[in-house]
Amino acid sequence: MRTFGYFLFTLNIFLVACTKPAPPASAPAVDFEKEKAAIQAVIAKETESYYKQDFEAWKSTYLQSPAFRKFGYWEGYENKVVANIGFESLAEEKKKQFDANETLWQGSTEERSNENFRITNDMAWYSFEQNSYEKDTRKFLGKSQETRILEKENGEWKIAYLGFHYYPAE
C-alpha cells in the first residue's frame, strides 16, 4: 500500500509538471526614449495644469482609481506629512483648492536633475531631484526629492503614485 501511495504521489507531481502552462511569450521591447519622453510630457502637463489651476487637464494626468497613492513631506504643511489613499480624495482636495485660487507657488518654474527611469511596457518608475523658483525673480522656493510611479491606461501614461519630500528651508 505504501508503494502504491508513493506511486500516486509521484504520478501527481509528474502530471502537474506536465500540465504546467507555458510561460507567456516575451513582451515587446520597450522603446525607452519614446516612453521616457511620454512620461516627461505627462509630468510636465501635470505640473503646468496644476499651476494654471486647470482641474480637468490636471486630473487627466492621474490614474483615477482607489489604487492611487500620494505621500509627501513639506515643513510648510501644518502636519508636515500629507497622504491621499485613492484618487477621489486628492481630486476633491484639489478641486476646492483650485476653485478658491489657493495653489501654492503659482507660476513657479521647476528644474529637474538626477533623473532615474525604470520603464516596462505598462509601468514606469521615475525619480528626480527638483528645484523650484519664482518665475520672474528666480528666488529659490525649495528643493525636493520626487518619485512618480506611472501605469499605462488605454495606451497613455497616468500617475499612479506621487511622492515628494522637501528639504527643510534652512
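1. What to know about the side chain of glutamate 46
Along the chain, glutamate 46 turns up in helix α2 (residues 32-52). Of the side chains with opposite charge, arginine 148 comes closest to the buried, unpaired glutamate 46, at an N-O distance of 4.9 Å. Aside from chain neighbours lying at most four places away, what touches glutamate 46 is Trp58, Thr61, Tyr62, Ile159 and Leu162.

2. Structural notes on the pairing of strand β6 (residues 156-166)
The element β6 is largely enclosed, with a buried count of eight among its 11 residues. Across 10 bridges, strand β5 (residues 140-153) lies against β6 in antiparallel orientation. Directly across from glutamate 153, in β6, lies its bridge partner glutamate 156. Between β5 and β6, which pair antiparallel in sequence order, lie two residues; one of them, asparagine 154, sits at a positive phi of approximately 55°.

3. Describing helix α4 (residues 87-99)
Each α-helix turn comprises 3.6 residues. Residues three or four places apart therefore point the same way. The end-to-end C-alpha distance of α4 is 18 Å, a good match for the 18 Å that 13 residues give at a rise of 1.5 Å each. Turning to α4, its buried residues are Phe87, Leu90, Ala91, Lys94, Gln97 and Phe98. Relative to the axis of α4, the buried residues are bounded by an arc of 130° and lie together on one face. α4 presents Glu88, Lys96 and Asp99 as exposed residues on the side facing more than 90 degrees away from its buried surface. Those residues of α4 hidden inside the fold are in contact with α2, α3 (55-59), β1 (69-73) and β2 (81-85). Where α4 ends, the next residue or the one after it, asparagine 101, has phi of about 55°, a positive value.

4. Quick word on the packing of aromatic side chains
A ring pair, where both rings are aromatic, is described by two values, the distance of the centres and the angle of the planes. What the rule picks out here adds up to 18 aromatic pairs. Judged by centre distance (4.8 Å) and plane angle (50°), the rings of tryptophan 58 and tyrosine 62 are tilted. As far as the burial class goes, tryptophan 58 and tyrosine 62 line up, both buried. The interplanar angle of 10° and the centroid separation of 4.2 Å between the aromatic rings of phenylalanine 117 and tyrosine 126 together place this pair among those described as stacked. Comparing phenylalanine 117 with tyrosine 126 shows no difference in burial state: the two are buried. Taken together through their ring pairs, the aromatic side chains of Tyr50, Tyr51, Phe55, Trp58, Tyr62, Phe68, Phe87 and Phe98 make up a single cluster. Its end group placed over the ring of phenylalanine 55, lysine 95 keeps NZ or CZ at 5.4 Å from the ring centre.

5. Here we look at unusual backbone geometry
Non-glycine residue glutamine 53 carries a positive phi angle of around 60°. One can find glutamine 53 in the loop between α2 and α3. Although it is not a glycine, lysine 80 adopts a positive phi angle of roughly 70°. Tracing the chain through its elements places lysine 80 in the loop between β1 and β2. Lysine 80 gets classed as partly exposed once you look at its relative accessible area, which sits at 36%.

What counts as what
Residues numbered from 1 in each chain as written. Predicted model: local features only at pLDDT ≥ 70, side-chain atom pairs only at ≥ 80, totals over all residues. Heavy atoms only, no water. Helix = DSSP H or I, 4+ residues; strand = E, 2+ residues; numbered from the N terminus. Buried < 20%, exposed > 50% of the residue type's maximum accessible area, 1.4 Å probe, protein only. Lys, Arg positive; Asp, Glu negative; His and termini not counted. Salt bridge = Lys/Arg side-chain N within 4 Å of Asp/Glu carboxyl O. Contact = heavy atoms within 4.5 Å. Pairing = 2+ DSSP bridges. Expected span 1.5 Å × (residues − 1). Arc of directions from axis to C-beta. Phe/Tyr/Trp six-rings, centres within 6.5 Å; stacked < 30°, edge-to-face > 60°. Lys NZ or Arg CZ within 6 Å of the ring centre and 35° of its normal.

No statement about biological role is implied by the geometric values presented.
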